[in-house]
Amino acid sequence: MKEVTKEYTNGEVTIVWQNALCTHSANCVKGLPEVFRPRENP
Ligand code: SF4
């Protein structure tokens, strides 16, 4: 599997996503849907 890292920032907080670590449990979206919006910004 090719390792991919994506960064998302609002200038104050930066979220770093790494495909090698993501289990796709969707706890991010379920817990904080106003921040994690995979349909708008994968
Ligand atoms: S909380 Fe979200 S980003 Fe983190 S491992 Fe689960 S699905 Fe992936």
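So, a few notes on the structure that sits alongside this text.

Here is what the cut-offs are and how they apply
- Residues numbered from 1 in each chain as written.
- Predicted model: local features only at pLDDT ≥ 70, side-chain atom pairs only at ≥ 80, totals over all residues.
- Heavy atoms only, no water.
- Helix = DSSP H or I, 4+ residues; strand = E, 2+ residues; numbered from the N terminus.
- Buried < 20%, exposed > 50% of the residue type's maximum accessible area, 1.4 Å probe, protein only.
- Areas by Shrake-Rupley, 256 points an atom, 1.4 Å probe, with all protein chains shown as cover.
- Lys, Arg positive; Asp, Glu negative; His and termini not counted.
- Charge placed at Lys NZ, Arg CZ, Asp CG, Glu CD.
- Contact = heavy atoms within 4.5 Å.

## A closer look at the overall build of the protein chain
- When its secondary structure is counted, the protein chain shows 1 helix and 2 strands.
- Ordering the α and β elements of the protein chain from the N terminus gives β-β-α.
- Reported as C-alpha extents along the three principal axes, the dimensions of the protein chain are approximately 30 × 25 × 15 Å.
- Within the protein chain, the fraction of its 42 residues that count as buried is 2%.
- Looking at the protein chain as shown, the accessible area adds up to about 4000 Å², and 53% of this sits on carbon and sulfur atoms.
- If the 5 positive side-chain charges of the protein chain are averaged to one point and the 5 negative ones to another, these points end up 10 Å apart.

## Overview of the environment of Met1
- Within the secondary structure layout, Met1 lies in the segment before β1 (5-9).
- If we skip the residues at most four places from it in the chain, Met1 touches Asn19 and Ala20.

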